[in-house]
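Notes for the structure review
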Amino acid sequence: MSMTVLGILWFFLIFVLIAGYFILDGFDLGVGVLFPFLAKNEQDKAIMRRSIGPVWDGNEVWLLTAGGALFAAFPDAYATTFSGFYLAVMLVLFGLIVRAVSFEFRAGDPSWAKVWDVCFFLGSLLPALLLGVAVGNIYAGIPMDANGDYMGVPLLGLVTPFTLATGLLGLAMFLAAGATWTALKAPLDSDLRARAQRLRLPLQVAVLVMFVVVSVMGHFAYAPDMLPELALFRWLFAIVFLVAIIGSLVVGILGEKKGCPKSDLGAFLGQSVGAFSLVALLACSMFPCLVVATPDSIGPTITILNAASSDLSLFWMTVILCVGLPLVLIYHVIIYRTFRGRIRPEDLAH
């Protein structure tokens, strides 16, 4: 296979890894942000922590793998994004670290429970918002010099109306996923499940509203050079996204009225399909660009053709992927099957 074919393959594989993170760690982050609003007592808090406790660390592997794949497959794009967004990346990592620490320390020192609950909330909010802002900048474009380095003001220069809108869209997606996951895992007759069911409906409406806002702003103000050959796929994934979110909304409403517990699973799956479709829509819209350069940039847009690693490197990455990805998927299947079902009171004792 030629380098161009392998470059195209890894372009979309990286977005698949991002989609995996967006789906799996998305509901983790959503649960953390919703934590102070849904949990009204210690039992509710324990249920929400328990719902993501066995899986949150494995879900973060997808983000680490996506970053590593970007470094190996497109080093120039990695260097530009991770250096230009250095402060934002550090805030995201700080949030993820604080979230992990809050999990471990809260159980060991109950006297600081309120402090660790705040850390859990903030450690989930920062990544949930800033990841969307970063994606908005990559799509809209950043000023780059001849070496491909970011020329703007750190962090503050990355926040514009459009990037803030993409950040809010990502946050809304995470919150809706967190609400659907909480409703899926909470006991059937609990007030926590009822509150999550009521909250997931307006959150999914917020997702639809923000999607329209971002689409309109992106089309008229920040549309990069896109291949017309992918127009059909962009429309396809946009339609799948809308159908999935609206379907999740309808299933949730009907299930809540009829008291059908299986509707919680349908709502969560619909939300997950919507998340995957949104990332796929981004990939098709960006192709073949990895980081878009603004018109005032000295350096060119970073694309597959000018940023891909050697053919040999991409080949061995593909071989490693064929071995490693099935192992990761098997791990996730085992974990999610082991901890499937709703949380019972006896599960909170250990």
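Everything discussed here concerns the structure shown above.
Residues numbered from 1 in each chain as written. Predicted model: local features only at pLDDT ≥ 70, side-chain atom pairs only at ≥ 80, totals over all residues. Heavy atoms only, no water.

What follows concerns the overall build of the protein chain. Scanning the protein chain from N- to C-terminus turns up 13 helices and two strands. Overall, the protein chain is about 60 × 40 × 40 Å in size when its C-alpha atoms are taken along their principal axes. When burial is assessed residue by residue, the protein chain has 50% of its 350 residues classed as buried. Within the protein chain, contacts between residues separated by at least 24 positions form 83% of all contacts whose residues are at least 6 apart in sequence. Carbon together with sulfur atoms contributes 75% to the accessible area of the protein chain, which is approximately 16500 Å² in total. In the protein chain, 20 side chains carry a positive charge and 22 a negative one; their mean positions are 15 Å apart. (Helix = DSSP H or I, 4+ residues; strand = E, 2+ residues; numbered from the N terminus. Buried < 20%, exposed > 50% of the residue type's maximum accessible area, 1.4 Å probe, protein only. Contact = heavy atoms within 4.5 Å. Areas by Shrake-Rupley, 256 points an atom, 1.4 Å probe, with all protein chains shown as cover. Lys, Arg positive; Asp, Glu negative; His and termini not counted. Charge placed at Lys NZ, Arg CZ, Asp CG, Glu CD.)

Within this structure, the stated rule accounts for 19 aromatic pairs. Taking 5.0 Å as the distance between ring centres and 75° as the angle between the ring planes, the aromatic pair formed by F35 and F120 counts as edge-to-face. On the criterion of sequence distance, the pair formed by F35 in helix α1 (residues 3-38) and F120 in helix α7 (residues 113-140) is long-range, its members being 85 residues apart. By relative accessible area, which is 1% here, F35 ends up buried. Judged by relative accessible area, which is 3%, F120 ranks as buried. (Phe/Tyr/Trp six-rings, centres within 6.5 Å; stacked < 30°, edge-to-face > 60°.)

Okay, the nonpolar core next. W10, F11, F27, F74, L169, M173 and V207 are the most contacted members of the largest nonpolar core, which has 98 residues in total. Residues contacting F11, with those up to four places away along its chain left out, are F74, A283, M286, F287, P288, C289, L290 and I304. (Core = buried A, V, L, I, M, F, W, Y, C linked by side-chain atoms within 4.5 Å.)

Before going further, it helps to spend a moment on a nonpolar patch on the surface. Taken together, the side chains of Y86, M90, L93 and I97 make up a nonpolar region of the molecular surface, amounting to roughly 400 Å² of accessible area. Classification of Y86 by relative accessible area gives exposed; the value is 52%. (Patch = residues over 30% accessible without salt bridge, like charges linked within 9 Å, V, L, I, M, F, W, Y side chains within 5 Å. Salt bridge = Lys/Arg side-chain N within 4 Å of Asp/Glu carboxyl O.)

What follows covers the packing of α7 against helix α8 (residues 161-185). For the pair α7 and α8, interaxial distance at closest approach is 7 Å and the crossing angle is 135°. The angle between α7 and α8 places the two elements in the oblique class. Viewed along their axes, α7 and α8 form a crossing whose handedness is right-handed. Mapping the contact onto sequence places L125, A128, L129, G132, V133, G136, N137, Y139 and A140 in α7 and F162, T163, T166, G167, L168, G170, L171 and F174 in α8. Of the residues in the contact of α7 with α8, the class split is 10 nonpolar, seven polar and no charged. (Axes fitted to C-alpha atoms, helices over the stretch in contact; angles between N-to-C directions. Parallel < 35°, antiparallel > 145°, perpendicular 65-115°, else oblique. Left-handed = near helix turned anticlockwise from the far one by under 90°. Nonpolar A, V, L, I, M, F, W, Y, C, P; charged D, E, K, R; others polar.)

What follows concerns the pattern of salt bridges. Following the criterion strictly, the structure yields 10 salt bridges and no others. The partner of D264 in a salt bridge is R342, with the nearest N and O atoms 2.6 Å apart. Here D264 is found in helix α11 (residues 262-286), whereas its partner R342 is found in the segment after α13 (311-338), with 78 residues between them in sequence. For D264, a relative accessible area of 0% gives the class buried.

Further remarks concern the environment of W181. Residue position: W181 is located in helix α8. On the basis of relative accessibility, which here comes to 6%, the residue W181 falls in the buried class. Taking the C-alpha atoms as reference points, W181 and A267, separated by 86 residues in sequence, lie 8.9 Å from one another. Once you skip the residues sitting within four places of it in the chain, W181 turns out to touch F27, V31, S51, I52, F268 and Y336.

Given 3.6 residues per helical turn, the α-helix brings residues three or four places apart onto the same face. Listed as buried for helix α5 (residues 75-84) are A77, T80, T81 and G84. Burial along α5 is one-sided: seen end-on, the buried residues are contained in an arc of 90°. Taken together, the buried residues of α5 touch α4 (61-73), α6 (86-108), α7, β1 (289-291), β2 (302-303) and α12 (304-307). (Arc of directions from axis to C-beta.)

All quantities given are derived from atomic positions and should not be read as evidence of function.
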